[in-house]
Amino acid sequence: MSTISLNGRDEFFVINLEQVLYMQADDHYTHIYLITGHHFLVPHGLSKIELMISRLSGNFSHIIRLGRKYIVNISRIYHVNFVRSSVYLTDEQGKSIVLHISKPVLRALVDLMSKNSETSID
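Report follows, based on the coordinates. This structure is a prediction, so every number in the text was calculated from the model and none was measured.

1. Side note on the sheet that holds strand S4 (residues 29-34)
Phase 1 of the analysis: Pairing within the open sheet is antiparallel, and its five strands lie in the order S5-S4-S3-S7-S6. This sheet does not close on itself; its edge strands, each paired only once, are strand S5 (39-42) and strand S6 (63-66). The sheet shows a mean angle of 20 degrees between the axes of neighbouring strands, direction not considered.
Phase 2 of the analysis: Where strand S3 (residues 20-26) and S4 come together, six bridges link them in antiparallel fashion. In the sheet register, aspartate 26 faces S4, and the bridge partner there is tyrosine 29.

Right, dumping it as structure tokens:
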């Protein structure tokens, strides 16, 4: 299991990266949304969490940073819409989540996903 641990002032968080749907920056805090539908707030910025993930040994290429605001589990993406500047994710219950992301970041995401895909049609 691939986990990161975060100490808070009066709390301790253990985050299983396989269960992460996405993480969203909120100033010096980060909202963490899980594929189970659960959500919680940790007292650490997104950059610190990104650094902790990068330090883990193993392959976490499915967890990537998207712009300044998000870290996303790209294995949960099912649709990218350039007109609406949106990425659509799905959780375990089949619920759709929409994230609004800049077009340059979306283009880089689609390029990355196309390279990692076994088959891709242009």
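Having seen the structure, we can now continue with the description.
2. Concerning the environment of arginine 9
Phase 1 of the analysis: One can find arginine 9 in the loop between strand S1 (3-7) and strand S2 (12-16).
Phase 2 of the analysis: For arginine 9, a relative accessible area of 81% translates into the label exposed.
Phase 3 of the analysis: Expressed as a C-alpha distance, the spacing of arginine 9 and arginine 76, which sit 67 residues apart in the sequence, is 32 Å.

3. Thoughts on unusual backbone geometry
Phase 1 of the analysis: Despite not being glycine, aspartate 27 shows a phi value in the positive range, around 60 degrees.
Phase 2 of the analysis: Structurally, the position occupied by aspartate 27 is in the loop between S3 and S4.
Phase 3 of the analysis: What makes aspartate 27 exposed here is its relative accessible area of 65%.
Phase 4 of the analysis: Here the phi dihedral of serine 85 falls at roughly 50 degrees; this positive angle occurs in a residue that is not glycine.
Phase 5 of the analysis: Mapped onto the secondary structure, serine 85 falls in the loop between strand S8 (77-81) and strand S9 (86-90).

4. Remarks on helix H1 (residues 46-55)
Phase 1 of the analysis: Taken as a whole, H1 has its buried residues at Leu46, Ile49 and Ile53. Angularly, the buried residues of H1 cover 65 degrees about the axis, an arc narrow enough to put them on a single face. For H1, the exposed residues lying more than 90 degrees away from the buried face are Ser54 and Arg55.
Phase 2 of the analysis: Looking at the buried side of H1, the elements it contacts are S1, S3, S4, S5, S6 and strand S7 (70-73).

5. Observations regarding the pairing of S4
Phase 1 of the analysis: Linking S3 back to S4 in an antiparallel pair, the connection comprises two residues, with aspartate 27 at a positive phi of about 60 degrees.
Phase 2 of the analysis: Note: S4 against S5, four bridges, orientation antiparallel. Bridge pairing links threonine 30 to valine 42 in S5.
Phase 3 of the analysis: Between S4 and S5, which follow one another and run antiparallel, lie four residues, and glycine 37 among them has a positive phi close to 100 degrees.

The rules behind each value
Residues numbered from 1 in each chain as written. Predicted model: local features only at pLDDT ≥ 70, side-chain atom pairs only at ≥ 80, totals over all residues. Heavy atoms only, no water. Pairing = 2+ DSSP bridges. Helix = DSSP H or I, 4+ residues; strand = E, 2+ residues; numbered from the N terminus. Axes fitted to C-alpha atoms, helices over the stretch in contact; angles between N-to-C directions. Buried < 20%, exposed > 50% of the residue type's maximum accessible area, 1.4 Å probe, protein only. Arc of directions from axis to C-beta. Contact = heavy atoms within 4.5 Å.

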